[in-house]
Amino acid sequence: MSIPILETCRKRKRRPKLFGLHSFAEPGCPINPIGPFRDNIRIFLKQCAEPEDYCVKGMPLWCTLLVRDKSCVVPLYTIEEGVNHSLNPFCDHCRCTGWGNHLVSKRKYHVVIPNDRDWNKPLEDNVLNIHSHLLHGLIHCNGFGHLLCINGIEGGSKYLYGREIMDLWDRICEILKARKISVEDASKKHGMDLRLLHGVAYGHTWFGRWGYKFCRGSYGVSEENYDRAIEILSFQKLDKIIQDFSDREQSRQIKCMVQHYRDLSESQLVTIRDLFKFMLTIKSRSALQKKLVAATAAPSASVQKNSIRISFHKKDNSKEKYLRCKRFTSVIAHMDSRWPAKRLEFAAEVIVDALKQHKSEVGHGGMTRQDLRDAARMHIGDTGLLDYVLKSMNNVIVGCHIVRRGINSARVLEYTIDDVDPVKDLKLLEATEEIHQKPLPDLLPAPAPVPGTDVYNDVVYLYNNTLLNYPESELLELATQAVLDSKHFVKDRPFRDEDDQLLRFFCQVMPGLFDAENMATGTSPAGELVMVPLHATVFDLKQAAEKALRDTYCIMDKFVVTEVDNLGEMEDRDVLFGALESGAEILVRGSGIDLDSNLKHEGGADNWIVRCECGARDDDGERMIACDICEVWQHTRCCGIEDSEAVPPLFVCPGCCTSFGPPMTNSPLEFQCSDDLLLDSATMYGMDYEYDNCIGLLQ
């Protein structure tokens, strides 16, 4: 496999540095930096990476080669993004994590392992916007960062498992001394949200294995709500579950599953956590056994498997490509529409033209529903017509094109277009059309899985019934929703003082040096780590703090430290040793902060006001809408607008509606729940929950 950096090294007549994938970034291997992240990353790039002979949109990049085995060399790229010249200087990830008040750092470092198929290609200009990388992490030069994506074997890799990639990322963050790393956990497997499944089975998410803990919840979910919800879901008694499903059609299946795994387990399975944990354990064991069996299989069996695979790939699946598609003219023929067929067909053609233009300009990917709607509105002013047509366009054939609809990696509705060869595929399309015109037989319900045949099928069955669709339990429904609304997790690396001849301090600028707005919100840069020798003076500390702040933040480029607040009457020539304990936080005063700069806060220059009825007072990354009168932002979900619905062109919040006159009826958003229901729900599972705890889940 020809990796670009190998060609670069050949041109420079250098021998590339190779590191072991599983030992790279272990303590002392290959470096052992002791400073802050802003200095450690420079040491890393100098000693562990080779500079590439090209740039990505003007950004320099380096490559580190990691050897997994004799046939697999993995390229790890580090891209330095200078904020002053960046098209996206602010950080949406900081804003959604709750770090929007951090000062804008001067540099961002992107750590990327591309997908296997791109290892032998130079990185493209859109590398920072691709979601199919095996690894993409971002760390600001102040040490705060974000894990943006992990894709292992199930995400398309042929060589690396998700655990291997995550171990590597965690070691890199540790050796470089990154301070806090956030992740938005939206990972799924077999249709299950892993943050819910693993939360119930282990008490933490999949990322919790590496120390990631609750950071903030969406829709006003607090850490206390999250912990309580996990506890409520995890400690459901299996016998109580069987009893509650006794009059349901799933009764026999759930009872058989529970009994089957109780018979397999050497320990007693009492709660749903015990059951899920045991099932996931034997699932991983069975996967390991399959690998061992495959590795020791006879050569003849391998040859036979390869021949089967080859014949499978040669199979003509072009008919299956169109089997689920219908002509748009056939679709609208069965629609009860207030618009004539010609107008519907014209709207469909306009939408197809917009998709074709986007595909010709971009070359890949589709268009979000909102972008496609906006493009079509340039030719059609009737938004109701556009919404009606967009809603019906999924797997439909318009002219010589197929329009498909799906959810992209950002969990947004997206439309794509495929071309159809009118000559080659005409007969096939006609045959497909005949299939769709035939009456379909009544569909039989899918048979329930036989317990033990496929462990993951059993996990999915229990997940869907005991966590998502538990019969008549409002408390469990609220608990499940609270967990699903908790996506932001963070790993906090605690400060550890080294056993050396250096003093370390966290230097923070006095909040009073910022403008009134920042003082009101308590905004100040996070304390920056500075190091000075044991014999350093107060003046040496001032210089070190000044250098660190200038090197880290955009608005501190000309900052001059004049005073250290914690040192009392000490003068510049006085020695620090004995006056301050290593690891202490210090406050500095000075001048030169550029308060007029646009690059002030990572959350951006816009001063949003969020005040939603769910309790949210800050942007949490969920879809929001602003009142056209008071300009206060609220969640669309909390306002009764479904994610699949378009945002109304005019929106007035309930508060502003009330100010114009008393409401005619009770707000549909009001949620009435009797005290008796809450108390009954709290004691339903034999757990001693207080009334206030139940109220907390509703808030």
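To keep things clear, this report deals only with the structure shown in the data block. For clarity, every value in this text was computed on a predicted model and none was experimentally measured.

### So, the nonpolar core
Phase 1 of the analysis: If you look at the biggest cluster of nonpolar residues, it comprises 87 residues, and the most contacted ones within it are Phe24, Trp169 and Phe276.
Phase 2 of the analysis: Among the elements that line this core, the one with the most residues is helix α17 (residues 455-468), at eight residues.
Phase 3 of the analysis: No fewer than three residues from each of domain 1 (4-179) and domain 2 (233-282 + 450-483) sit in this core.
Phase 4 of the analysis: Setting aside residues up to four positions removed in sequence, Phe276 forms contacts with Leu197, Val200, Ala201, Val459, Leu462, Tyr463, Thr466 and Leu467.

### A closer look at helix α4 (residues 162-175)
Phase 1 of the analysis: For α4, spanning 14 residues, the distance from its first C-alpha to its last is 20 Å, which sits close to the expected 20 Å at 1.5 Å a residue.
Phase 2 of the analysis: Of the residues flanking the end of α4, it is Lys177, one or two places downstream, whose phi is positive at about 60°.

### Details of the sheet that holds strand β14 (residues 396-398)
Phase 1 of the analysis: The five strands are arranged β12-β14-β15-β16-β13 in an open sheet whose pairing can be described as mixed. Edge positions in the sheet fall to β12 (326-327) and β13 (367-368), since each has one partner strand and no second.
Phase 2 of the analysis: Across seven bridges, the pairing between strand β15 (residues 401-407) and strand β16 (residues 413-419) is antiparallel. Residue pairing across strands places Arg405 opposite Tyr415, the latter belonging to β16.
Phase 3 of the analysis: Of the strands in this sheet, β13, β14, β15 and β16 touch helix α13 (residues 341-362), which is tilted by about 85° from β16.

### Things to note about the pattern of salt bridges
Phase 1 of the analysis: Following the criterion strictly, the structure yields 33 salt bridges and no others.
Phase 2 of the analysis: Across the pair Arg68 and Asp69 runs a salt bridge whose closest N-O atoms are separated by 3.5 Å.
Phase 3 of the analysis: Overall, Arg68 belongs to the partly exposed group, its relative accessible area being 26%.
Phase 4 of the analysis: Residues Lys542 and Asp572 are paired through a salt bridge, measuring 2.8 Å at the closest nitrogen-oxygen approach. Pair noted here: Lys542 is in helix α20 (residues 538-552) and Asp572 is in the loop between β20 (560-564) and β21 (585-591), with a separation of 30 residues, a long-range link.
Phase 5 of the analysis: On the accessibility criterion, Lys542 (12% relative accessible area) is buried.
Phase 6 of the analysis: Each of the salt bridges in this network shares a partner with another, and the network as a whole consists of Asp39, Arg42, Arg107 and Asp551.

Here is what the cut-offs are and how they apply
Residues numbered from 1 in each chain as written. Predicted model: local features only at pLDDT ≥ 70, side-chain atom pairs only at ≥ 80, totals over all residues. Heavy atoms only, no water. Core = buried A, V, L, I, M, F, W, Y, C linked by side-chain atoms within 4.5 Å. Buried < 20%, exposed > 50% of the residue type's maximum accessible area, 1.4 Å probe, protein only. Helix = DSSP H or I, 4+ residues; strand = E, 2+ residues; numbered from the N terminus. Domains from an automatic or database assignment. Contact = heavy atoms within 4.5 Å. Expected span 1.5 Å × (residues − 1). Pairing = 2+ DSSP bridges. Axes fitted to C-alpha atoms, helices over the stretch in contact; angles between N-to-C directions. Salt bridge = Lys/Arg side-chain N within 4 Å of Asp/Glu carboxyl O.

These figures capture arrangement, not role.
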